[in-house]
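One-letter residues, chain by chain:
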Amino acid sequence: MKNEVKYSVSPTGEKFVIPSQEDFQPEFEKIEKLAKQAKAEGKEVVVVMGVGFVGAVMAAIVADTVDENGNPSKFVIGSQRPSVRSYWKIPVLNRGESPVKAEDPEVDVLIERCVNEKKTLVATFNSDCIKLADAVVVDVQCDYQKQELGNMKSGEADMAALEATMKTIGENMSPDCMVLIETTVAPGTTEFVAWPILKKAFSKRGIDSVPLLAHSFERVMPGREYVSSIRDFWRVCSGCNLEARNRVEKFLHEVLNTDEYPLTVMDRPIESETTKIVENSYRATILAYLHEWSLFAEKNGVDLIKVIDAIKMRPTHSNMIFPGPGIGGYCLPKDGGLGYWSYKHILGFEDGDDIFKITPTAIDINDTRGLHVATLTRDALRNMARYIAGAEVLICGASYRQDVGDTRYSGSEMVVRKLTELGAEMRIHDPYVDHWYELEIQDTYPSPGTSWARFFRNQDHLTESRVSKDLKTSLKGVEAVIFAVPHDEYKDLDPDDIVKWAGGPIAVIDAFGMLSDEKIKRYFELGCEVKALGRGHVQRIKQEVKEK
Ligand SMILES: NC(=O)c1ccc[n+]([C@@H]2O[C@H](COP(=O)([O-])OP(=O)(O)OC[C@H]3O[C@@H](n4cnc5c(N)ncnc54)[C@H](O)[C@@H]3O)[C@@H](O)[C@H]2O)c1
């Protein structure tokens, strides 16, 4: 059979030919030469496995490290599988361009500096580069696949990428190389899954020593502080044995700003792994519990936004936040699931359902909160004697939080899918998002068979969705607008303009406490219907306008 040429296409549409078997050896020779030269200059060689959202920026931060004399002290090789979905990241990174789109201007500058000026960062598809490493940092994904909508418990951890990576590392690493897992993993993974894989590989290779394995999770936040959220932020770490712990402490002191953001060192990896899971379950929980109060508020004339603001005056409660149309991002929807799953499948306990009550419920509430926004939209249109079926509806904001372009598991996706199921014709506006891949390539994104599309009917045509950046045009002729994400651009919108651009009175849905009372009042005066998540006082304003 003739070898078929395969391509990997970048988000901007650039096509890259995926390397074939004969390309691997010359690639290794090229990388080996660079690594040897770096070692001769006294640099430590670090391989970062997986140059995705986290790995690409972490690789650049390590590559930017200098010694006490200000000279670069690390040479970094980003290693990435040459898959159809991800290969493009390698040639892009090797040009000095960031494979991740970030709102933080430092990402592009940092990557360009390390690749083209300092020449301390390269990327490769040949994982044999692990042979050259003094340290390997693992930043591949470890997903949690939910099987049902609103039932986290029936999901399962997808460890395939992590296990494959550990196997490759074990087969190639030198005995004294330190391996650091940064991936968020199910508690127990480092010691009871990853370490055994490395040990088995060592014994197969006839190596007597114990592999040096450590864990230190990432707390990176997409947005304007992307680089800083990795480099200038508190870290937690641990090692499988004392030597691994000492090595990881030394490494993190060298590459991160631990003087200002001290490192916390835990006794065992299961403790640092659990720290990450509990930290994110805490956040998911304090967001989820507000959902019931949000429904209470809607039914009893209470504005939950004002309630939260009043509570936040107390310094002890200052981090309370309104949940919006759902809790997305890559981490909060899945991390509690990893904990629940590992209790049974890695740690071997059968009583998980007796002890885990709050975390699964919180995730289930967060995952389905967007459905209520669809209900509000339907009701608002009904109050205007219109139907949701066939209505043109504009959603403002596709990302999972304000002023970022990250759409992973956003509440807006749930809103769009439910309204589409009900027959609405959805339009999308977002100043930060170029492509909403969750819709545009829903058959393969996030991976084949895992799209939220499978939980709803009538989703096929969502592949034709396009994100607009022109609000005025997007509004033309709509019957409803949903303010789903409090991006800066949406904060100062004038109701008179919105109604003018739409061409008449519309249903206005505030899903994130974005409208002031004056604006709500004005919308009513203009003949619009307003509904707002967690804001029951809207009814009072409506009544006041009516009675005037
Ligand atoms: N993105 C965030 O905001 C964030 C925040 C905190 C923690 N984390 C955690 O960081 C980890 C990585 O997340 P991400 O957002 O960077 O994921 P990602 O999907 O963007 O990146 C993972 C990369 O690893 C690559 N990969 C998979 N298997 C590989 C293999 N065998 N060898 C080499 N490369 C391989 C993938 O192709 C991909 O490019 C996850 O555990 C995540 O939970 C992410």
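Up top is the structure these notes are about.
Here's a quick rundown of the structure. (Residues numbered from 1 in each chain as written. Predicted model: local features only at pLDDT ≥ 70, side-chain atom pairs only at ≥ 80, totals over all residues. Heavy atoms only, no water.)

## Quick notes on the overall build of the protein
A count of helical and extended segments in the protein gives 19 helices and 18 strands. Here the protein has a C-alpha radius of gyration of 25 Å; the compact-globule value for 548 residues is 24 Å, and the two agree. In terms of principal-axis extent, the alpha carbons of the protein reach across some 85 × 50 × 50 Å. For the protein, the proportion of its 548 residues judged to be buried stands at 55%. Both charge centroids of the protein, one from 68 positive and one from 84 negative side chains, sit 3 Å from each other. (Helix = DSSP H or I, 4+ residues; strand = E, 2+ residues; numbered from the N terminus. Rg over C-alpha atoms; globule rule 2.2 N^0.38 Å. Buried < 20%, exposed > 50% of the residue type's maximum accessible area, 1.4 Å probe, protein only. Lys, Arg positive; Asp, Glu negative; His and termini not counted. Charge placed at Lys NZ, Arg CZ, Asp CG, Glu CD.)

## A few points about the sheet that holds strand β11 (residues 236-239)
Ordered by their spatial adjacency, eight strands build an open sheet running β5-β4-β3-β6-β9-β10-β11-β12, and the pairing between neighbours is mixed. Each edge of the open sheet is held by one strand with a lone partner, namely β5 (121-124) and β12 (264-265). Examined bridge by bridge, strand β3 (residues 44-49) and strand β6 (residues 135-138) share four bridges and lie parallel to one another. Bridging from a neighbouring strand, Met 49 pairs with Val 138 of β6. Sitting on the sheet, helix α1 (residues 24-40) touches β3, β4 (74-79) and β5, and the angle it makes with β5 is about 155°. (Pairing = 2+ DSSP bridges. Contact = heavy atoms within 4.5 Å. Axes fitted to C-alpha atoms, helices over the stretch in contact; angles between N-to-C directions.)

## A few points about the pattern of salt bridges
Inspection of the entire model under this criterion finds 44 salt bridges. Here Arg 268 makes a salt bridge to Glu 191, at a shortest N to O gap of 3.1 Å. Here Arg 268, found in the loop between β12 and α9 (269-299), pairs with Glu 191, found in helix α6 (residues 189-204); they are 77 residues apart in sequence, far enough to count as distant. Judged by its relative accessible area of 14%, Glu 191 falls in the buried class. The salt bridge partner of Arg 408 is Asp 406, with a shortest N-O separation of 3.4 Å. (Salt bridge = Lys/Arg side-chain N within 4 Å of Asp/Glu carboxyl O.)

## Notes on the sheet that holds strand β18 (residues 529-532)
Two pairing modes exist for strands in a sheet, parallel and antiparallel, and in both the strands are linked by backbone hydrogen bonds. Taken in spatial order, the six strands line up as β15-β14-β13-β16-β17-β18 in an open sheet, and their pairing is parallel. Strand pairing shows two members of the sheet lacking a second neighbour, β15 (467-468) and β18, which therefore form its edges. When strand β16 (residues 480-483) meets strand β17 (residues 507-510), the two strands line up parallel, connected through four bridges. Looking at the pairing, Ala 480 lines up with Ala 507 of β17. Running at roughly 145° to β18, helix α18 (residues 517-525) makes contact with β16, β17 and β18 of the sheet.

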